[in-house]
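# Structural description and commentary
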Amino acid sequence: MEPPEDGDMTARLPEDVLADVLRRVALQRSLAVSRCVCKAWRAVIDGAGLVRGQLPFSGIFICFRRLSLPEFFSRPASRDLDQPAIGGKLDFLPRADGPRLDCHYYIEDHCNGLLLLQGNRIDDHYVVNPATRWRNALPLCPPNHTKPEGIVLNHDYYLAFDPKVSSHYQVFQIPYLHWGEGAIDPSEETSEWPPSPYILHVFSSRTSCWEERLFVRQGDAAGTLAKVRVHSEGQLHSVCWRGSLYVHCQSDFIMRISLSEDKYSVIKPPMDIGWSSFMGLSEKGVYCASFVENTHILVYTLTESCDQFEWMLKNHYDLKPVQMFDGQVHGPWTLQDINYGIFGSHLPNIKKEEVIQEKFEWNSDDDDDFHENLDIVEVQHRPYFEIEVLGFHPYKEILFLSRSEDYKLNAMAFAYHLNSFKVEILGSIYPTDHRYFDSGIPNESQAIDCFPYTPCWNEETPERVN
């Protein structure tokens, strides 16, 4: 048998035989890399479902608004050798003259292993893969000329990426309403928002450019301009779920954008939603967490049937175990202290103390065999503190919370197991010598945005796909 001219003997193998050979590759990361060999290999690997659908959950990126770079709160190293340790340091991004305190990168969104970052300038955007250290700078988005008279549109950016479907990603620019200083047409106040059709700017890695796309609304609007242009508490995130991008918009409505069709729907918030809400992705799809007077938190799941959406209350959860915990625990999770590691030598009189990690195991991968490690000591006089949502576990019904005291001292993270009502202490999220970076942050809710991170080891980037 004559070998192929290019020397690839596997090209002669039937697809089922090639699939059986590739199935013997032990490491999932190696299989993901094998998808880059050629289109035929990629088709066989994807068609046979050889790469697991779930990306590993590795930790939580935390953006402290006064720090130059995001911090990474990482879970303990997995016993599975197929999951390499993840470093949250974004030192592969460009900096003009080495480490500089005035060079900022802030996470705007995360989706299936890719991060959307904003640089020093408001129009400076990057899509990066921390696991493979790949990055792509986005071109400048053109101005939006379709806006109501007298209204100022700020914009948020959201990322849509599903490596099981395509190696290409999209970035959506979503308007955020403010009133301008000029004259306002009174008729605009009663007009619907979002409008239909709705013109959005969308960047596609397939074309490497921004384009205007027209989306037609299915169902009712969120309300009038006057009603929607309110300030929203909490973090406005997005999640990508079953071919749609769910964007948490101001006034707490959710816009569900179809990624394959030019359609969108408005999902109203739950009727008894509290003063601050957080949308995330977990075991059964889209979830919403909402505080009630800082004493309880409500958790809802979104159900969909025949283009009808309904929020189902999962339960009320008492925040007393988080409020009353008194102590400082280091571990089992670890804050990687990225800003200290890069900028510590530039700051005066800093000496980082060695932290001894407590001997606790992280149990979120086995919620049925939970070992409670939290001892509650109730004290009569507690300092001022804030409780914030860090995010949902992407595959288990677990809610991550943080509690900070007195300008972020004793800032601790907790895992609230939603089925067993147990609370697990994860460790401190207070960056080393945070006070040198900022002299005082009033509370955590104004200081951080958080993104549960699932790394994607697929080495294939959109620029390599033909």
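This report concerns the structure included in the present document. Quick caveat: nothing in here was measured; it's all calculated off a predicted structure.

### Considerations on the overall build of the chain
The helix and strand inventory of the chain stands at eight helices and 26 strands. By residue count, 52% of the 466 residues in the chain fall in the buried class. Residue pairs at least 24 apart in sequence account for 62% of intrachain contacts in the chain once pairs closer than 6 positions are excluded. Within the structure as shown, the chain displays about 22500 Å² of accessible surface, and the carbon and sulfur contribution to it stands at 48%.

### With respect to the sheet that holds strand β17 (residues 277-282)
Two strands in a sheet stick together by hydrogen bonds in their backbones, pointing the same way (parallel) or opposite ways (antiparallel). Overall, antiparallel pairing links the four strands, which are arranged β17-β18-β19-β20 in an open sheet. On the outer flanks of this sheet lie β17 and β20 (308-318), each paired with one strand and no other. Neighbour to neighbour, the strand axes of the sheet diverge by 25° on average, direction disregarded.

### A short note on the environment of Lys314
Take Lys314: it is sitting in strand β20. In this structure Lys314 touches Val299, Tyr300, Glu397, Leu418 and Asn419, once residues within four positions along its chain are discounted. Looking at Lys314, its side chain comes within polar contact range of the side chain of Glu397, at 3.0 Å.

### A closer look at the sheet that holds strand β3 (residues 106-111)
One open sheet holds the four strands; their spatial order is β3-β4-β5-β6, and the pairing between them is antiparallel. Strands with a single pairing partner mark the edges of an open sheet, and in this sheet they are β3 and β6 (134-137). The average angle at which neighbouring strand axes cross in this sheet is 25°, direction not considered. With five bridges joining them, β3 and strand β4 (residues 114-118) adopt antiparallel strand pairing.

### What about the pairing of strand β2 (residues 71-74)?
What you see with β2 is no split at all: Glu71 and Phe73 on one side and Phe72 and Ser74 on the other are buried throughout. For strand β1 (residues 59-64) and β2, the ladder comprises four bridges, and the chain directions are antiparallel. Paired with Phe61 across the two strands is Phe72, which belongs to β2. The turn joining β1 and β2, which pair antiparallel and follow one another in sequence, is formed by six residues. Summarising the sheet, β2 and strand β21 (residues 334-335) pair through two bridges and their orientation is antiparallel. Residue Phe73 lies in a different strand from β21, and its bridge partner there is Leu335.

### Section: the pairing of strand β13 (residues 238-241)
With four bridges connecting them, β13 and strand β14 (residues 244-248) associate as antiparallel partners. Considered in β14, the bridge of Trp241 is made with Ser244. The hairpin turn running from β13 into β14, its antiparallel successor, is two residues long, and Arg242 in that turn takes a positive phi close to 50°.

### Some points on the packing of aromatic side chains
All chains considered together, the criterion is met by 19 aromatic pairs. Judged by centre distance (6.0 Å) and plane angle (85°), the rings of Phe72 and Tyr453 are edge-to-face. You can see Phe72 sitting in strand β2 and its partner Tyr453 sitting in strand β26 (residues 448-453), a full 381 residues away along the chain. The pair formed by Phe72 and Tyr453 is uniform in burial state, with each residue classed as buried.

### Quick notes on the side chain of Asp109
When you line up the elements, Asp109 lands in strand β3. Engagement of the side chain of Asp109 in a polar contact is seen with the backbone nitrogen of Leu159, the distance being 2.8 Å. For Asp109, the side chain forms a polar contact with the side chain of Ser238, separated by 2.6 Å. Those residues within four positions of Asp109 in sequence are excluded, and the remaining contacts are Leu114, Leu115, Leu116, Tyr157, Tyr158, Leu159, Ser238 and Phe451.

### Notes on the side chain of Arg256
With respect to the helices and strands, Arg256 occurs in strand β15 (residues 254-258). By relative accessible area, which is 17% here, Arg256 ends up buried. Reaching out from Arg256, the side chain makes a polar contact with the side chain of Glu304 at a distance of 3.4 Å. With sequence-adjacent residues up to four places away left out, Arg256 is seen in contact with Ser244, Leu245, Tyr246, Lys263, Tyr264, Ser265, Ile267, Glu304 and Phe309.

### Overview of the pattern of salt bridges
By the definition in use, this model includes six salt bridges. Across the pair Arg133 and Asp91 runs a salt bridge, and its minimum N-O distance is 2.9 Å. Taken as a pair, Arg133 in the loop between β5 (125-129) and β6 and Asp91 in the loop between β2 and β3 lie far apart in primary sequence, 42 residues in all. Assessed through its relative accessible area of 37%, Asp91 is described here as partly exposed. Close ionic contact of Arg256 with Glu304 constitutes a salt bridge, the shortest N to O distance being 3.4 Å. With Arg256 in strand β15 and Glu304 in strand β19 (residues 296-305), the pair connects residues that are 48 residues apart, well separated along the chain.

### Overview of the state of the cysteines
One pass over the full model with this rule turns up zero disulfides. Cysteine Cys450 remains unbridged, with the sulfur of Cys63 as its closest cysteine sulfur at 8.1 Å.

### Points about unusual backbone geometry
With an omega of -5°, the peptide bond running from Trp193 to Pro194 counts as cis. Its place among the elements puts Pro194 in the loop between β9 (192-193) and β10 (198-204). The amide bond that connects Ser196 to the next residue, Pro197, takes the cis arrangement and shows omega of 0°. Residue Asp252 is not a glycine yet carries a positive backbone phi of 70°. Among the secondary structure elements, Asp252 is positioned in the loop between β14 and β15. On the accessibility criterion, Asp252 (14% relative accessible area) is buried. Positive phi, close to 55°, is recorded for Asp337, a residue that is not glycine.

What counts and what doesn't
- Residues numbered from 1 in each chain as written.
- Predicted model: local features only at pLDDT ≥ 70, side-chain atom pairs only at ≥ 80, totals over all residues.
- Heavy atoms only, no water.
- Helix = DSSP H or I, 4+ residues; strand = E, 2+ residues; numbered from the N terminus.
- Buried < 20%, exposed > 50% of the residue type's maximum accessible area, 1.4 Å probe, protein only.
- Contact = heavy atoms within 4.5 Å.
- Areas by Shrake-Rupley, 256 points an atom, 1.4 Å probe, with all protein chains shown as cover.
- Pairing = 2+ DSSP bridges.
- Axes fitted to C-alpha atoms, helices over the stretch in contact; angles between N-to-C directions.
- Polar contact = N/O pair within 3.5 Å; in protein donor to acceptor, adjacent residues only side chain to side chain.
- Phe/Tyr/Trp six-rings, centres within 6.5 Å; stacked < 30°, edge-to-face > 60°.
- Salt bridge = Lys/Arg side-chain N within 4 Å of Asp/Glu carboxyl O.
- Disulfide = S-S within 2.5 Å.

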